[in-house]
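What follows is the residue order along each chain.
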Amino acid sequence: MAINIVGSEFPLKTFHATPRGIIGWGAYQMAGVEAKKVGIKHALLVTTGLKGTGIVDEIKGVLQYAGVEVTVFDKVTSNPKDYEVHEAHKVYKEANCDGLVSVGGGSSHDCAKAVRIVETHNGRSIRDFNGVCDFDIEVNIPHVAITTTCGTGSEATYATVITNTEKKFKMLIFEYSAYASRSIVDPALIRTLPPKLTAFTGIDALTHAVEAYTSRLNILTSYGIALHSIELIGKHLREAFGNGNNAEAREAMAWAQYGGGHAINSGGAGVVHSIAHSLGGLLDSPHGMCNSIALVPSQRYNLVACPEKFANIAKALGVDTAGMTVMQAAEAAVDEMESLINDLEVTETFSDLGLKEDNIDQVTEFALKDFCSVANPRNLTKKAIDDLLRQCM
Ligand SMILES: [Fe+2]
């Protein structure tokens, strides 16, 4: 066996740029202008429906006012499925659309991104695209991604997560043709999010920032934006949960989720996402809820691998670490995450999501193989993931 003489596990870094973003109150009103700028004449509007918010009709109106024809596909579900992608692609072709507008959280954006991958590759099955694809086809049909949650970050990333319903796992697809042409993040849309979803998506954003910052990929360009997103979440997520009309808190969370997306786009994620992907694929469990349950035990497991980074996370979360040793500060970071999750009244467990003793082996196996496990700061073993799952039941 050859001796490894390379000093770093990942000596060559890759920085992935993000699409042009428009962020701020009323940004959604730019949807029509931006869709036209990127060349959309007839958009397939891809969404879960966002029933009761009026958002879909409002954005449809904004697009039509700018002269963009709209066909709505509102059958996307949580953990978007491979067959939904192909249904949406069929509607795209039949309606002679020439671009996409996704409205919602990660499910809507990822379904739209997957439709574009399918279209770019002449209708191939989305199941062919698991992992790093690297086709280098960077030009694609235009796509405007408009975000309505404070968690996804998907509007800013080239990752697309789709459930393979045949094999019951979530495919993590890294493909440049998935990048949106424009991302729009508007606190006015995020303000419609109810408290429970604010909590779950907000913890998803925190998980993106924490996992990208502690990732063993060590991408320096992710560090600053990840820490700042952690700081915003530490300061404002409780307020956004407690009073959805708090404009300052909603705006802070809009930036935090966008920053989390930037951070993971190059920095990568870790075991919390590996577990959430496995449960999402097997049990259709909501992504943010899985992360909210798994974050604390997973980070308690991870902190010995990079205590200084966790000590910095403690400071970003507002913990006064003066007089603490590095390990005490690192432990305080995880304690503060636990306090936040308790304040957000996350009481669910993996048992509530339907995880049974019989499934643990399968979830562990999928989580170990998940692409995010590669970047987790501490080495992962079957036993380690098994232990984490049992702590979450
Ligand atoms: Fe996530």
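All figures in this text were calculated on a predicted structure; none of them were measured in a lab.

**Student:** Please provide a residue-by-residue account of the pairing of strand β8 (residues 169-174), values included.
**Tutor:** Among the 6 residues that make up β8, 6 are buried, leaving the element largely enclosed by the rest of the structure. Where strand β5 (residues 131-132) lies against β8, 2 bridges are found, and the strand directions are parallel. Note on β8: the bridge partner recorded for G131 is I173. Looking at chain direction, strand β7 (residues 159-164) and β8 are connected through 6 bridges and run antiparallel. Paired with N164 across the bridge in β8 is F169. Adjacent in sequence and paired antiparallel, β7 and β8 are bridged by 4 residues, among which K168 carries a positive phi angle near 55°.

**Student:** Quick one: what's the story with the coordination of the iron ion, residue by residue and with numbers?
**Tutor:** Ideal donor angles around a metal are set by the shape: a four-donor tetrahedron calls for 109.5 degrees, a six-donor octahedron for 90 or 180 degrees. Within the protein, the iron ion binds to D204 (OD), H208 (NE2), H273 (NE2) and H287 (NE2); these donor distances fall in the range 2.1 to 2.2 Å. Around the iron ion sit 4 donor atoms; with metal-centred angles ranging over 85 to 171°, the donor geometry is irregular. Written as a sequence motif, the donor residues of the iron ion are D-x3-H-x64-H-x13-H. You can see D204 and its partner H208 sitting in helix α6 (residues 195-214), 4 residues apart, about one turn around the helix. Classification of D204 by relative accessible area gives buried; the value is 6%. Judged by relative accessible area, H208 falls into the buried class, the value being 3%.

**Student:** I'd like a rundown of the packing of helix α9 (residues 271-283) against helix α10 (residues 287-302), residues and numbers included.
**Tutor:** Two numbers describe how α9 lies on α10: the axes approach to 8 Å, and their chain directions differ by 145°. The two elements α9 and α10 cross, and the hand of that crossing is right-handed. Packed against α9, whose contacting residues are V271, V272, H273, I275, A276, H277 and L279, the element α10 presents H287, C290, N291, A294, L295, S298, Q299 and N302 at the interface. Looking at the contact of α9 with α10, its residues break down into 8 nonpolar, 7 polar and no charged.

**Student:** An account of the domain arrangement of the chain is needed here, citing residue identities and associated values.
**Tutor:** Partitioning the chain into structural domains gives domain 1 (20-190) and domain 2 (195-391). Averaged C-alpha coordinates put domain 1 and domain 2 at centres separated by 25 Å. Contacts between domain 1 and domain 2 engage 30 residues on the former and 30 residues on the latter. A combined buried area of about 2400 Å² lies between domain 1 and domain 2, and 63% of that area is made up of carbon and sulfur atoms. Remark: the boundary between domain 1 and domain 2 carries 1 salt bridge. K81 is the salt-bridge partner of D284, the closest N and O atoms lying 3.3 Å from each other. Across the domain 1-domain 2 interface, the total number found is 10 residue pairs in polar contact (both at pLDDT 80 or more). Looking at the side of domain 1 that touches domain 2, the elements that each hand over two or more residues are β1 (20-23), β7, β8, β9 (182-185) and α5 (187-190). Looking at the side of domain 1 that touches domain 2, the element that brings in the most residues is β8, giving 4 residues.

About the cut-offs
Residues numbered from 1 in each chain as written. Predicted model: local features only at pLDDT ≥ 70, side-chain atom pairs only at ≥ 80, totals over all residues. Heavy atoms only, no water. Buried < 20%, exposed > 50% of the residue type's maximum accessible area, 1.4 Å probe, protein only. Helix = DSSP H or I, 4+ residues; strand = E, 2+ residues; numbered from the N terminus. Pairing = 2+ DSSP bridges. Donors = N, O, S within 2.8 Å, 3.2 Å for Na, K, Ca; no water. Tetrahedral: all angles 85-135°; square planar, octahedral: opposite > 155°, others 65-115°. Axes fitted to C-alpha atoms, helices over the stretch in contact; angles between N-to-C directions. Left-handed = near helix turned anticlockwise from the far one by under 90°. Contact = heavy atoms within 4.5 Å. Nonpolar A, V, L, I, M, F, W, Y, C, P; charged D, E, K, R; others polar. Domains from an automatic or database assignment. Buried area = accessible area lost by both parts, 1.4 Å probe. Salt bridge = Lys/Arg side-chain N within 4 Å of Asp/Glu carboxyl O. Polar contact = N/O pair within 3.5 Å; in protein donor to acceptor, adjacent residues only side chain to side chain.

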